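Below are the chains, spelled out letter by letter.
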Amino acid sequence: MAAKKYKFISQPRHPTENRRFVAGRGNFVADIDRPDMLHVAPLSSHYPAAIINNIDISEAMMMDGVIDVITGAEIGAAIQPLMNGLDTPKVQRFPLAVNRVRYAGEWVCAVVAETRAIAEDALEKIIIDATPQPFVLDAEEALLPSSPPVHPKHGSNILLDRKFVWGTVGEDFVNAEHNLSFSVIWGRNSTVPIETFGVVAEWNGWDNILDVWASVQMPKYSDQIARCLNLPGNAVRVHYDVDVGGSYGVKRGIKHATLIGYIARKLGRPIRFIEDRLENMRAGDAHGPERKFNVEVAFDSDGSVRSMKMRALDNAGAYAGRAPFQLGKPISAIVGPYQINSVSYHAISVTSNKTVQEAVRGFGQAPTNYAIETAMDRVASFLKMDRLALRQRNLIRSDQFPYLIPSGSTYDSGDYHAVIEKVLTAAEYPTLLANRNHLRDEGMMAGIGIAACLEPSGGNSSFEPLLNESNKTSTWMESCQINIDGLGHLTARIHTTSSGQGHETLVSTVLGEVLEIDPSSIRITRPNSLESLPGNSPVGSRMAIMLGGAAARSAEKLKAKLIKIAAHSLGIDAEKLTYAGGNVLAPDGRKHTWQDAVELAHRQFHNLPEGMDPGLAAFDIMQVPTGNALPVDGKVHMYPCYSFEFHLVLLAFDPVIGRPEIHSYTVGHDCGTVINPAIVSGMTYGGIAHGIGAALLEEFAYDPNGQLMTQSFLDYLMPSSHEVPPIQIVKHCTPSPHTVFGQKGSGESGYLGSPAAISSAINDAVSALDIRFEKLPIRMSAISDAIANKSA
Amino acid sequence: MIRVSIEVNDKTVTAEVEPRLTLLDFIRDVAGLKGTHAGCEHGVCGACTVLVEGNAIRSCLVLAVQADEQEVISIEGVGGDLGRSGELSIVQDAFCEAHGLQCGYCTPGMVLAAEALLADTPNPTEGDVREAISGNICRCTGYVQIVEAVMLAADRLANRNYKSKPGQNSDQTRG
């Protein structure tokens, strides 16, 4: 299937959102001022585990400007617990700790005051009487029956313990010529947006409605708030015109919104809570996966990898939420881009006395890709085979698509070998090898990193029913609504917030393409949740596919109406007419213009076809393509589209200092038809930067007493413009057969493979010393220490 | 409470403030200009960058009382936002064109860091640009398109009729 030529899609168009942001005219949640607004500051627990005996708020309550202090006991009695993804009813979570604290930093109570400064002052006056309890931090320890359960009523720390066997694993291991095993650890990091989470809520008791403005990226947010606060769904109005200052998955903010919504309703005044950085880092409940992999692979001497056994143990932190599902998404690409005949997968999620985990870019796929790519490097090393050749031997070939993997998903399309060839050419691979050897000759430790991986996209959530049998959800829709006004101008409504993905540009480009009008003339609005059609927000790299799809389908419906009106007006069968540039043309040369249709639809009902409604509006609620079945026998098809990326990195470091410097970074990227090239490239660059952070710098590290040690930007290090090198993106387009333009997802690109590639490069650099780094991040101290120990 | 008088974007803002009030909060809550953003509030991320007397500084690390009687340019003072809504500076326009942003949260600080660089270094190298924005963390872009944007702006500034520092009279740097 050759790439089609489009007028606006895939063309260089400046993202329309950019103008307001460069002028500082975004509409971020902290910019929202409501009259008579109060402010909130939460008090955090110092203990990783304790029973709360008493909270003395009397002195705080006497301070000028303090309005109220909300405790866990109060809110626990007043609202419903937050939603759990798994069937774990005894693992209850409330916005504030109820009776027991379960991690250091957890919010125990919240002061409401006239200013945030007064609220913070009042925190110092609150006295907590608590009895420390035993705690557990390590996931393997948490698994042991002897470990202190984080939720005693649940009985153990195990949230999820599922074993899957897909295909003839036992037989394949017996028949394979070799096997090897290893463990790797993905350290606890997160996306850490520069804007912290924030929410403003206002209760209108005359209309019985709760208005919510939040920096959020969360499916079904208003439903969840309403359920927790015992309100009807139509009594919560979430405003989607709030710009979100970065999210990349984590801005879920459900405990924040229920807390602030509860206070707003109780006090009858608008309430604002904007996390400060400390609150965000230790108690924003936005840490990412922390995962240990035990992997066994069976393979032959020619390099064919036949089977894999993977045990993935994830440390979910103190509460369940949706995080354990991050062990589920990788099932949809459990063999990566490779032809591996069979797989067994043991997914375990445990609670611990650490901060709660939330969805992070890729929803668990990046750690799994790191494990799979490490396996490829280990097999190559075992066989003394070239790492690249080993991958090329095992990659799925372009003539094998659609390709059914053992766990039940079918990959839509791809040409992995072609992408890799393009990257090798663009990066001048022989020169890269020569440069590595030259750096080594100069006394540097230099290595080349390779990683090939997939980005499952389209945001279906079949991992929910797969991991929780009481969940029967197969629906995962997105919608768009369009209207041509009486002057002939088009406005589209989208029903979600955006956090930098350029949805306005996406929708106007797609509508312009289908209706053949200038995308710049199209207005995009974001109404609130009550004025919206159903959707699931930008998760799972889904918006190009789903919002783009719903926009295209709306436009097709509207176009059909324009043609019907013209057919009636011109007295010709609709099939004989052609649509071009917004006008409808008859074979005899007559033209029924866009404005003619507007005139008839808006003002001349008597001239419309019989039975046609007036106006020019259309909407579409689109189900995720291929998402039509629940799991059977531990197998399910998950995502409609699979994007491919191939990373090739050269890095080097001084053996004494150990600070990796990236000399060359090339990535091949195939996400099908690209809607906006600048936006897709930008997300890929950003994903790689985030992956460099995950591989080298970023970690939420705890001390043995359960205290988070990296709770500011002085300790939690993120890549600056010095750490992220120039990056060369090599584009390839294999359209998806399942989407309107052949587009696939790209929102998580870059991040899914860069940590594996960096790890591969560092391990290549130290291979001569027989050192192996088996945990991310690989901090410079770890590198220099390991080398020093070898030399000693 | 202490009386301070700060010239923000050519307009004098006078108020009685607590000594602990940061310049960041003064700009946002007293002057009412919401384009300057809080990121870390401990001087690392650079989201709150503004120009004080022409220098890019972190407004979360400066108290309002320290900025008394000084000239501050926030993002609203760049381009034509004051009175000529919709008109961008060359740097802002280059950020739009190169897509040197995504979510827009670090963007005002980035733009001001770039404005400060280009006011002093009209023909920067890529290394100069990376150094100038190295105190501004962006989690969206990986900096690639930001560097492109600043290089594009530098090129355009070098090839226009005259140049001026934001907030200054153009006659000082005419040429």
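Residues numbered from 1 in each chain as written. Chains lettered and ligands numbered in written order. Predicted model: local features only at pLDDT ≥ 70, side-chain atom pairs only at ≥ 80, totals over all residues. Heavy atoms only, no water.

## Remarks on the overall build of chain B
If you tally the helices and strands in chain B, you get five helices and five strands. In sequence order, the secondary structure elements of chain B are arranged as β-β-α-β-β-β-α-α-α-α. The proportion of buried residues among the 175 residues of chain B is 54%. Taking the intrachain contacts of chain B between residues at least 6 apart in sequence as the baseline, contacts between residues at least 24 apart amount to 55%. (Helix = DSSP H or I, 4+ residues; strand = E, 2+ residues; numbered from the N terminus. Buried < 20%, exposed > 50% of the residue type's maximum accessible area, 1.4 Å probe, protein only. Contact = heavy atoms within 4.5 Å.)

## Here we look at the pairing of strand 2 (residues 50-56) of chain A
Residues and elements named next belong to chain A. Bridge count for strand 2 against strand 4 (residues 100-101) is two bridges, and the pairing is antiparallel. Paired with Ala50 across the two strands is Val101, which belongs to strand 4. Sheet topology note: the strand 2/strand 6 (residues 127-132) ladder contains six bridges and is antiparallel. Looking at the pairing, Ile52 lines up with Ala130 of strand 6. (Pairing = 2+ DSSP bridges.)

## A short note on the pattern of salt bridges
For the coordinates displayed, the defined rule picks out 51 salt bridges over all chains. Two residues, Arg139 of chain B and Glu698 of chain A, come together in a salt bridge whose shortest N-O distance is 2.8 Å. Note that Arg139 of chain B is positioned in the loop between helix 4 (126-132) and helix 5 (144-158) and Glu698 of chain A in the loop between helix 18 (677-696) and strand 28 (728-732), a pairing that runs across two chains. Like Arg139 of chain B, the residue Glu698 of chain A is buried in the burial classification. The salt bridge involving Asp29 of chain B is made with Lys34 of chain B; its shortest N-O contact spans 3.5 Å. One continuous salt-bridge network, built from bridges that share partners, spans Arg20, Asp243, Glu504 and Arg526 of chain A. (Salt bridge = Lys/Arg side-chain N within 4 Å of Asp/Glu carboxyl O.)

## Looking at the domain arrangement of chain B
Residue and element names in this part refer to chain B. The domain architecture assigned to chain B consists of domain 1 (2-77) and domain 2 (88-159). With 16 residues of domain 1 in contact, the opposing surface of domain 2 contributes twelve residues. Roughly 1,100 Å² of surface becomes buried between domain 1 and domain 2 when both sides are summed, with 62% attributable to carbon and sulfur atoms. It is His37, Thr49 and Ile75 that lose the most area in domain 1 upon contact with domain 2, and together they represent 42% of the buried surface on that side. Along the contact surface separating domain 1 from domain 2 lie zero salt bridges. Applying the counting rule to domain 1 against domain 2 returns six residue pairs in polar contact (both at pLDDT 80 or more). Of all the secondary-structure elements, those providing two or more residues to the side of domain 1 that touches domain 2 are strand 3 (49-52) and strand 4 (55-58). Across the side of domain 1 that touches domain 2, the residue classes break down as nine nonpolar, six polar and one charged. (Domains from an automatic or database assignment. Buried area = accessible area lost by both parts, 1.4 Å probe. Polar contact = N/O pair within 3.5 Å; in protein donor to acceptor, adjacent residues only side chain to side chain. Nonpolar A, V, L, I, M, F, W, Y, C, P; charged D, E, K, R; others polar.)

## Focus: the sheet that holds strand 9 (residues 198-204) of chain A
Residue and element names in this part refer to chain A. Sheet architecture is open: seven strands sit in the order 3-5-1-12-9-10-11, paired in mixed fashion. Of all strands in the sheet, those bounded by a partner on one side alone are strand 3 (66-71) and strand 11 (236-238). If you compare each strand with its neighbour and ignore which way they point, the axes differ by 25° on average. Alignment of strand 10 (residues 209-214) against strand 11, held across three bridges, turns out to be parallel. (Axes fitted to C-alpha atoms, helices over the stretch in contact; angles between N-to-C directions.)

## Considerations on the nonpolar core
Tyr345, Tyr411, Phe646, Leu648 and Ile758 of chain A together with Phe95 of chain B are the most contacted members of the largest nonpolar core, which totals 167 residues. When sequence neighbours within four positions are dropped, the list of residues in contact with Leu648 of chain A reads Val423, Leu424, Ala427, Tyr429, Leu432, Ile448, Gly449, Ile450, Ser664, Tyr665 and Thr666 of chain A. Counting residues in each nonpolar core, the second largest holds 54 residues, with Ile9, Ile482, Met546 and Leu562 of chain A among its members. (Core = buried A, V, L, I, M, F, W, Y, C linked by side-chain atoms within 4.5 Å.)

## A few points about the interface of chain B and chain A
Facing 45 residues of chain B, the contacting portion of chain A comprises 53 residues. Counting the surface lost from both chain B and chain A, the interface buries some 4,000 Å², and carbon and sulfur atoms represent 57% of this. At the boundary of chain B and chain A, one finds four salt bridges. Linking Asp121 of chain A and Arg20 of chain B is a salt bridge whose minimum nitrogen-to-oxygen distance equals 3.0 Å. Elements that contribute at least two residues to the side of chain B that touches chain A include exactly helix 2 (90-98), helix 3 (107-120), helix 4 and helix 5 of chain B. Here the side of chain B that touches chain A gets four residues from one element, more than from any other, and that element is helix 2 of chain B. Its residues assigned to classes, the side of chain B that touches chain A comprises 19 nonpolar, 14 polar and twelve charged.

## A closer look at helix 5 of chain B
With 15 residues, helix 5 of chain B should reach 21 Å at 1.5 Å per residue; the first-to-last C-alpha distance of 21 Å fits that figure. Regarding helix 5 of chain B, the residues found buried are Val144, Gln145, Ile146, Val147, Ala149, Val150, Ala153, Ala154 and Leu157 of chain B. (Expected span 1.5 Å × (residues − 1).)

## Considerations on the sheet that holds strand 27 (residues 661-670) of chain A
All names here are of chain A. Taking strand neighbours across the sheet as the criterion, the four strands line up as 18-26-27-28 in an open arrangement whose pairing is mixed. Bordering the open sheet on either side are strand 18 (445-457) and strand 28, each of which pairs with just one other strand. Taking the axes of each pair of neighbouring strands and ignoring which way they run, one obtains an average angle of 15° across the sheet. When strand 27 meets strand 28, the two strands line up parallel, connected through five bridges. Note on strand 28: the bridge partner recorded for Thr666 is Gln728.

## Here we look at the packing of helix 15 (residues 503-515) of chain A against helix 16 (residues 543-570) of chain A
Residues and elements named next belong to chain A. Remark: helix 15 packs on helix 16, axes separated minimally by 9 Å, with the N-to-C direction vectors making an angle of 35°. Our pair here, helix 15 against helix 16, has a crossing hand that is right-handed. Facing helix 15, whose interface residues are His503, Leu506, Val507, Val510, Leu511, Val514 and Leu515, helix 16 presents Met543, Ala544, Leu547, Gly548, Ala551, Ala552, Ala555, Glu556, Leu558 and Lys559. Residues that form the contact of helix 15 with helix 16 fall into these classes: 13 nonpolar, two polar and two charged. (Left-handed = near helix turned anticlockwise from the far one by under 90°.)

## Quick notes on the packing of helix 18 of chain A against helix 19 (residues 754-765) of chain A
Residues and elements named next belong to chain A. Between helix 18 and helix 19, the shortest axis-to-axis distance is 7 Å and the interhelical angle comes to 50°. On the basis of their axis angle, the class for helix 18 and helix 19 is oblique. Classified by chirality, the crossing of helix 19 by helix 18 is right-handed. Contacts between helix 18 and helix 19 involve Gly687, Ile688, Gly691, Ile692, Ala694, Ala695 and Leu696 on the former and, on the latter, Ser754, Pro755, Ile758 and Ile762. For the contact of helix 18 with helix 19, a count of residues per class yields eight nonpolar, three polar and no charged. (Parallel < 35°, antiparallel > 145°, perpendicular 65-115°, else oblique.)

## Examining a nonpolar patch on the surface
A contiguous nonpolar surface patch, about 290 Å² in accessible area, is contributed by Val656, Ile657 and Met780 of chain A. Inspection of the secondary structure assignment puts Ile657 of chain A in the loop between strand 26 (641-653) and strand 27. (Patch = residues over 30% accessible without salt bridge, like charges linked within 9 Å, V, L, I, M, F, W, Y side chains within 5 Å. Areas by Shrake-Rupley, 256 points an atom, 1.4 Å probe, with all protein chains shown as cover.)

## Considering the environment of Trp594 of chain A
Within the fold, Trp594 of chain A resides in helix 17 (residues 594-603). Separated by ten residues in sequence, Trp594 of chain A and Val584 of chain A have C-alpha atoms that sit 7.7 Å apart.

## A word on the domain arrangement of chain A
Residue and element names in this part refer to chain A. By the assigned domains, chain A splits into domain 1 (18-25 + 477-623), domain 2 (32-133 + 197-274) and domain 3 (291-462 + 630-791). Taking only C-alpha atoms, the centre of domain 1 and the centre of domain 2 are 40 Å apart. Contact with domain 1, which involves 18 residues of that partner, is made by 21 residues of domain 2. Roughly 1,500 Å² is buried in total at the junction of domain 1 and domain 2, and carbon and sulfur atoms are behind 55% of that figure. At the junction of domain 1 with domain 2, the criterion picks out one salt bridge. Here Arg20 makes a salt bridge to Asp243, at a shortest N to O gap of 2.9 Å. Across the contact surface, domain 1 and domain 2 share six residue pairs in polar contact (both at pLDDT 80 or more). Class assignment for the residues of the side of domain 1 that touches domain 2 results in five nonpolar, eleven polar and two charged.

## What about the environment of Gln224 of chain A?
Residue and element names in this part refer to chain A. If you trace the backbone, Gln224 turns up in helix 7 (residues 221-228). Note on Gln224: relative accessible area 8%, which makes it buried. Discounting chain neighbours no more than four positions away, the residues touching Gln224 are Met83, Met218, Pro219 and Ile254.

## Looking at unusual backbone geometry
Residue and element names in this part refer to chain A. Between Phe401 and the following residue, Pro402, the backbone shows a cis peptide bond with an omega angle of -5°. Omega for the peptide link from Leu776 to Pro777 comes to -5°, which places this bond in the cis form. By the element assignment, Pro777 lies in the loop between strand 29 (775-776) and helix 20 (780-791). Non-glycine residue Tyr248 carries a positive phi angle of around 55°. With respect to the element layout, Tyr248 can be found in the loop between strand 11 and helix 8 (254-267).

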